[in-house]
Amino acid sequence: MKIAELSDKILKGDRRALARAITLVESGRSDHRAEASALLDRLASSGRQALRIGLSGTPGVGKSTFIESFGMMLVAQGLRVAVLAVDPSSARSGGSILGDKTRMDRLSREKAAFIRPSPSQTNLGGVARRSREAVAVCEAAGFDVVLVETVGVGQSETVVAQMSDLFLLLLAPAGGDELQGVKRGIMEMADIILVNKADGDLKSAALRTCADYSGALRLLRKRVQDPQGFPKAQTVSALEDTGLLAAWEEMQTLTAWRRDQGHWDRMRAEQARYWFGEEVRQALLSRLETPWAQSRMTELSDQVSSGVVSPAAAAQDLLAGLGVSG
């Protein structure tokens, strides 16, 4: 399919064209990268924007259950929802292991919803390298909300905040040990912390955990992109669908304030600048994967280990061969 035809179908909301486009932007082949760039340039002219929500959480917290319940609520309100679920990758095939789409059975059957699992492969940050481009394709296809679910939780997960308008951190009811186990970096990135599983016997524990996090958030440095009261912690139950509407209302309040104060456009501009730098870095690193570079690195490594040449001199030698000045 020609790029112009693919672009037109995406703008009309064609789901098959959308899936095909995401496959294209995720490809690492040089010819596909050129086609993907051309496609993204055409789609950018549409000017469509969705609310981008990044979601991370500790293993077993119920991210998939939350996304399905939250997505179903948004669909019931007449919104179109896209979910980009980044799965851990198989060390053998490089493909997704968990298959999050199979765990969102109800949402996957909704016509107003689109779920796309992507393997994280070797990328840090809990997101696939091309997740941001996949988000842009979903925006052009007319989705109102795009949810990006990351792998696990940790310091590297903060990368998802660089492609989101809102960053949610989903946590389970626990004591102080859980609070200590979450990295400060991701706490500083979170806009709203949602304590899930606030139902049944865990409800009281969830309320205590929420209070603990509310106190911790008050100790963090105030960010310019936050109105009074944010970031904040709330309780939700994806199982009983409680607290979801209140959480959505808080997301809308925060989004509206950031738009009115000019932070929305500023944050998106800063994100674009960040991903430009990442593209340059990744392109430079890819040059180390060529046969010549791999062979030369092996030769120089042997010389360094035997003391024939210093590490700094060997590095300069390799960089010169790649046409890069040290």
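Located above this text is the structure these notes cover.
Residues numbered from 1 in each chain as written. Predicted model: local features only at pLDDT ≥ 70, side-chain atom pairs only at ≥ 80, totals over all residues. Heavy atoms only, no water.

1. Description of the side chain of lysine 63
Link 1 in the chain: Note on placement: lysine 63 falls in helix H4 (residues 63-76).
Link 2 in the chain: Although buried, lysine 63 forms no salt bridge, and the nearest oppositely charged side chain, glutamate 149, lies 4.5 Å from it.
Link 3 in the chain: A polar contact of 3.3 Å, which involves the side chain of lysine 63, links it to the backbone oxygen of glycine 57. (Helix = DSSP H or I, 4+ residues; strand = E, 2+ residues; numbered from the N terminus. Buried < 20%, exposed > 50% of the residue type's maximum accessible area, 1.4 Å probe, protein only. Lys, Arg positive; Asp, Glu negative; His and termini not counted. Salt bridge = Lys/Arg side-chain N within 4 Å of Asp/Glu carboxyl O. Polar contact = N/O pair within 3.5 Å; in protein donor to acceptor, adjacent residues only side chain to side chain.)

2. Some words on the pairing of strand S7 (residues 232-235)
Link 1 in the chain: The pairing of strand S6 (residues 192-195) with S7 spans four bridges and is classified as parallel. Looking at the pairing, valine 195 lines up with threonine 235 of S7. (Pairing = 2+ DSSP bridges.)

3. Here's the deal with the layout of surface pockets
Link 1 in the chain: Approximately 730 Å³ is the volume found for the largest pocket.
Link 2 in the chain: Taken together, 30 residues line the largest pocket, and the ones lying closest to its centre are Glu188, Asp191, Arg223, Gln225 and Asp226.
Link 3 in the chain: Looking at the lining of the largest pocket, the element that brings in the most residues is helix H11 (residues 263-286), giving four residues.
Link 4 in the chain: Residue classes in the lining of the largest pocket are distributed as 11 nonpolar, seven polar and 12 charged.
Link 5 in the chain: Of the volumes computed, that of the second largest pocket is approximately 600 Å³. (1 Å grid on protein atoms, 1.4 Å probe; cavity = no way out; pocket = protein on both sides within 12 Å on 5 of 7 lines; lining within 4 Å. Points joined across faces, edges and corners; volume = space filled by probe spheres on them. Nonpolar A, V, L, I, M, F, W, Y, C, P; charged D, E, K, R; others polar.)

4. Observations concerning the environment of phenylalanine 143
Link 1 in the chain: Mapped onto the elements, phenylalanine 143 comes out in the loop between helix H6 (131-140) and strand S4 (145-149).
Link 2 in the chain: Among the residues examined, phenylalanine 143 registers a relative accessible area of 3% and is labelled buried.
Link 3 in the chain: Residues phenylalanine 143 and alanine 82, 61 residues apart in the sequence, show an inter-C-alpha distance of 6.4 Å.
Link 4 in the chain: Here phenylalanine 143 is in contact with Leu18, Ala50, Arg80, Val81, Ala82, Ala112, Ala113, Phe114 and Cys138, once residues within four sequence places are set aside. (Contact = heavy atoms within 4.5 Å.)

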